[in-house]
Amino acid sequence: MTVWTPSDDGNADLSSHDAFVNGPPHNTFARLRRDDPLHWTEYAQGQDFWSVTRNADISAMNKNTEVFSSARGIRMEDQSHEEYMARRTFQETDPPEHSKTRMKLFKAFSRTTMAQYEDEIRDLCQPILDAALEQGTFDATKEIARQLPMRMLGRVVGLPEEDLPWLVEKGDALIANTDPDFTAHVLDKMDTDAYRMMPFNSPAGAELYAYAQELMEKKEASGDTSGVLHMIRQPAKDGSTITETEFRNFFCLVVAAGNDTTRYSIAAGIQAMCHQPELLAQMQAGGDIWETAPDEIIRWATPALYFRRTATQDFEMHGKTIRAGDKVLYWFASANRDEATFDDPFRVDLSRTPNKHLAFGQNGPHVCLGMWLARLEVRVLFQELAKRLKSIEPAGPHRFLRSNFVGGVKELPVTVTLA
Ligand code: HEM
């Protein structure tokens, strides 16, 4: 049985969040990869843009930061220079400026540093899984997938335990700002103009700003110099430091990036287990599968559906000209189902090798900083889950997030029997 079949008619409007409510419009992506791999996409709410859908194209373009810049915004939406300056983080800069900040953080998020958290992640997983599984039938996104990432991030970043539920809520409102289940300020349906200087145009951005400020004041007053928040405020090699605005934006970035993406990877993995029952047995057999399974689950999930660049000069491709100033979207969601790169891309193959997925924005300087944490969380969670299960089945239809930026199963009813 395949996990899930796309239902769009092949002509979905990629600029519309509604086109993603039944999952990414993969029939449209397949058509574009085949017939129009550099597709001019109309956008009612702003400047039209190019959609790039092939894995090999995105992989090559993502390295070329001289032509395809992150420094004019990384979302589909247009931004004035003023908005860009107010909301940017190091993710919205290019090398060499980008490298200065990235260098400060690299070690804190490295594979070796993250490996030290394995036991802690396992300990965190146990009560979460026990509480969920004893219910028999439950929403796996809410009870399992939503629980782990922020708690883990709290440890890595050094956030007080009692603040974590509030941060999950604000992180949801921030990044899922296009889904009425997660915010009262739905981006494309209401006037969010008052918040246009805030991350993600969201009032949650203002609250997180204030929280970050207060947290650092408390930490500094008590001489606490642990964690990445302190690290990023240290001067770079050339003596430069980030501004207060950049610091607060970084905090919002970490809360947003570290929360939803890992959650929706876990949810997608559980959804896959429901529809491909052989996955449970493979996980239980263990061994080498754990070298490859996390990446395959994350490929399957591809929670960051796209990121945007802006062309700094004209560029010829597939017989067309991308003009300087044009917005260019890298659709990772499409790249990760590209039949030219993957055998049977709609099947979850836990031992897939090689796995040239681009879910982390691989091959460019912006490759996900949190990827080793995400891989570790996914591996440990599924190891612990598989060991407790005899079977897992769908207990009703699942529902996707309303967003063309973050893709995920927001509701996943399952029934389990325990081993
Ligand atoms: C499965 C989980 C995750 C996925 C799929 C994911 C995806 C991505 C992608 C695609 C990018 C590249 C953005 C671009 O090209 O502009 C990125 C960057 C980033 N991610 Fe993740 N992410 C995940 C987890 C995390 C976690 C857990 C954290 C934090 C703890 C994190 C923090 C970041 C940061 C700070 C950047 C910006 C890096 C830079 O610009 O140099 N991510 N992520």
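Reference entry: report on the structure contained in this document. Counting restarts for each chain: residues are numbered from 1 in the order of the written sequence. For a predicted model such as this one, the threshold for reporting local features is a pLDDT of at least 70, and the threshold for listing and counting side-chain atom pairs is 80 or more; totals across whole chains, interfaces and linings nevertheless cover every residue. Values reported for side chains reflect all heavy atoms of the structure, with hydrogen atoms and water molecules removed beforehand.

Section: the site of the ligand
Reasoning step 1: Near the ligand you find 26 residues, and of these His98, Arg102, Arg309, His366 and Cys368 are the closest.
Reasoning step 2: Pairing of N or O atoms within 3.5 Å defines a polar contact, subject to two protein rules: one partner must be a possible hydrogen donor and the other a possible acceptor, and residues neighboring in sequence count only if both atoms are side-chain atoms. With respect to the ligand, the side chain of Gln91 contributes an N or O atom lying 3.3 Å from an oxygen atom.
Reasoning step 3: One nitrogen or oxygen atom from the side chain of His98 is found 2.6 Å from an oxygen atom belonging to the ligand.
Reasoning step 4: Secondary structure elements are defined from DSSP: runs of H or I of at least 4 residues count as helices, runs of E of at least 2 residues count as strands, and each element is numbered from the N terminus. Contributing elements (two or more residues each) for the shell around the ligand: helix 4 (97–106), helix 12 (244–275) and strand 5 (306–311).
Reasoning step 5: When residues in the shell around the ligand are grouped by element, the largest group, six residues, is from helix 12.
Reasoning step 6: Each residue gets one label: Ala, Val, Leu, Ile, Met, Phe, Trp, Tyr, Cys and Pro are nonpolar, Asp, Glu, Lys and Arg are charged, and the others, such as Gly, are polar. The residue inventory of the shell around the ligand, partitioned by class, reads 15 nonpolar, nine polar and two charged. We call a residue near a molecule or strand whenever a single non-hydrogen atom of that residue lies within 4 Å of it.

A word on the nonpolar core
Reasoning step 1: For the purposes of this section, nonpolar cores are sets of buried Ala, Val, Leu, Ile, Met, Phe, Trp, Tyr and Cys residues that join through side-chain atoms within 4.5 Å. In this scheme, a residue with accessible area under 20% of its type's maximum is buried, one over 50% is exposed, and one in between is partly exposed, where area comes from a 1.4 Å probe on protein chains only. One finds Ile144, Phe251, Ile270 and Phe382 to be the most contacted residues of the largest nonpolar core, which totals 89 residues.
Reasoning step 2: In terms of residues, this core owes the most to one element, helix 12, which gives 15 residues.
Reasoning step 3: Beyond its immediate chain neighbours, meaning those up to four positions away, Ile270 contacts Ala140, Ile144, Phe382, Leu385, Ile392, Leu412 and Val414.
Reasoning step 4: Residues Tyr306, Ala311, Trp331 and Ala333 belong to the second largest nonpolar core, which totals 34 residues. Whether two residues are in contact is decided by their heavy atoms, any of which lying within 4.5 Å being enough.

Considerations on the coordination of the iron atom of the ligand
Reasoning step 1: One donor from the polypeptide reaches the iron atom of the ligand: Cys368 (SG), at 2.3 Å.
Reasoning step 2: Note that Cys368 resides in the loop between helix 15 (332–335) and helix 16 (371–388). The donor set comprises N, O and S atoms within 2.8 Å of the metal, extended to 3.2 Å for Na, K and Ca; water molecules are omitted, so apparent gaps in a site may simply reflect that omission.

Brief notes about the sheet that holds strand 12 (residues 413–418)
Sheet strands line up and pair through hydrogen bonds in the backbone, either parallel or antiparallel.
Reasoning step 1: Strand pairing is assigned whenever DSSP detects at least two bridges linking the two strands. Here we have three strands laid out as an open sheet, ordered 4-12-9, and antiparallel in their pairing. Strand pairing shows two members of the sheet lacking a second neighbour, strand 4 (137–139) and strand 9 (389–394), which therefore form its edges. The mean angle between the axes of side-by-side strands here comes to 30°, regardless of whether they run parallel or antiparallel.
Reasoning step 2: For helices, the fitted line uses only the C-alpha atoms of the stretch in contact; every axis is such a line through C-alpha atoms, and the angle between N-to-C directions lies from 0 to 180 degrees. Along the sheet, helix 16 makes contact with strand 9 and strand 12, crossing strand 9 at roughly 105°.

Notes on the pattern of salt bridges
Reasoning step 1: For this analysis, a salt bridge means a side-chain nitrogen from Lys or Arg found within 4 Å of a carboxyl oxygen belonging to Asp or Glu. On inspection of all chains with the given rule, the structure shows 31 salt bridges.
Reasoning step 2: Of the charged contacts in the structure, one is a salt bridge between Glu339 and Arg33, with a shortest N-O distance of 2.9 Å. A residue pair is termed long-range when its members are at least 10 positions apart, and Glu339 in the loop between helix 15 and helix 16 and Arg33 in helix 1 (residues 26–35) qualify at 306 residues.
Reasoning step 3: You can call Glu339 partly exposed: its relative accessible area is 47%.
Reasoning step 4: In this structure, Glu143 engages Lys142 in a salt bridge whose closest nitrogen and oxygen atoms are separated by 3.8 Å.
Reasoning step 5: Within the structure, one salt-bridge network assembled from shared partners comprises Glu118, Arg122, Asp130, Arg379, Glu384, Lys387 and Arg388.

Describing helix 4
Reasoning step 1: Those residues of helix 4 lying buried are His98, Thr101, Arg102, Lys104 and Leu105. Mapping the buried residues of helix 4 onto a view down its axis gives an arc of 155°, with all of them on the same face. Structural note: helix 4 exposes Met103 and Phe106 on the side pointing more than 90 degrees away from its buried face.
Reasoning step 2: Looking at the packing, one finds that the buried side of helix 4 touches helix 11 (228–232) and helix 12. Each C-beta atom gives one direction from the helix axis, and the arc is the one those directions make.

Regarding the sheet that holds strand 1 (residues 38–41)
Reasoning step 1: Read from one edge to the other, the open sheet built from five strands follows the order 1-2-8-5-3, with strand pairing classed as mixed. Strands with a single pairing partner mark the edges of an open sheet, and in this sheet they are strand 1 and strand 3 (68–69).
Reasoning step 2: Pairing geometry for strand 3 and strand 5, over two bridges, is antiparallel. Residue pairing for strand 5: Phe68 is matched across the bridge by Ala311.

Quick look at helix 13 (residues 278–285)
Reasoning step 1: Among the residues making up helix 13, those that are buried are Leu279, Leu280 and Met283. Projection of helix 13 onto a plane perpendicular to its axis shows the buried side chains occupying an angular sector of 100°, all on one side.
Reasoning step 2: For helix 13, the elements touching its buried residues are helix 12, helix 14 (289–301), helix 16 and strand 9.
Reasoning step 3: Looking one or two places after helix 13, you find Gly286, whose phi comes out positive at around 65°.

Considerations on the side chain of His39
Reasoning step 1: Relative to the helices and strands, His39 is located in strand 1.
Reasoning step 2: With sequence-adjacent residues up to four places away left out, His39 is seen in contact with Leu32, Phe49, Trp50 and Ser51.

Some details on the packing of aromatic side chains
Reasoning step 1: Only Phe, Tyr and Trp rings are paired, with Trp represented by its six-membered ring, and only when their centres lie within 6.5 Å; those with planes under 30 degrees apart are stacked, over 60 edge-to-face, the remainder tilted. One pass over the structure, following the stated rule, counts twelve aromatic pairs.
Reasoning step 2: Ring centres 6.1 Å apart and planes at 55° place the aromatic pair Phe90 and Phe250 in the tilted group. Residue Phe90 is located in the loop between helix 3 (81–87) and helix 4, and its partner Phe250 is located in helix 12; the two are separated by 160 residues in the primary sequence. The burial state of Phe90 is the same as that of Phe250; both residues are buried.
Reasoning step 3: Judged by centre distance (5.4 Å) and plane angle (85°), the ring pair of Phe307 and Phe405 falls under edge-to-face. Residue Phe307 is located in strand 5, and its partner Phe405 is located in the loop between strand 10 (399–400) and strand 11 (409–411); the two are separated by 98 residues in the primary sequence.
Reasoning step 4: Judged by its relative accessible area of 17%, Phe307 is buried.
Reasoning step 5: By way of ring pairs, the aromatic residues Phe20, Phe29, Tyr306, Phe307, Trp331, Phe332 and Phe405 are connected into one cluster.
Reasoning step 6: The rule is short: NZ of Lys or CZ of Arg within 6 Å of the ring centre and within 35 degrees of the ring normal puts a charge over the ring. One cation-aromatic arrangement involves Arg75 over Phe405; the distance from NZ or CZ to the ring centre is 3.7 Å.
Reasoning step 7: A cation over a ring is seen here: Arg375 above Trp372, with NZ or CZ 4.4 Å from the ring centre.

Regarding unusual backbone geometry
Reasoning step 1: The linkage connecting Pro95 with the following residue, Pro96, adopts the cis geometry, with an omega of 5°.
Reasoning step 2: With respect to the helices and strands, Pro96 occurs in the loop between helix 3 and helix 4.
Reasoning step 3: Here Thr353 and Pro354 are connected by a cis peptide whose omega angle stands at -5°.
Reasoning step 4: Looking at where Pro354 falls in the secondary structure, it is placed in the loop between helix 15 and helix 16.
Reasoning step 5: Even without being glycine, His318 reaches a positive phi, approximately 45°.
Reasoning step 6: Structurally, His318 is set in the loop between strand 6 (315–317) and strand 7 (320–322).
Reasoning step 7: Of the residues examined, His318 reaches a relative accessible area of 39% and is grouped as partly exposed.

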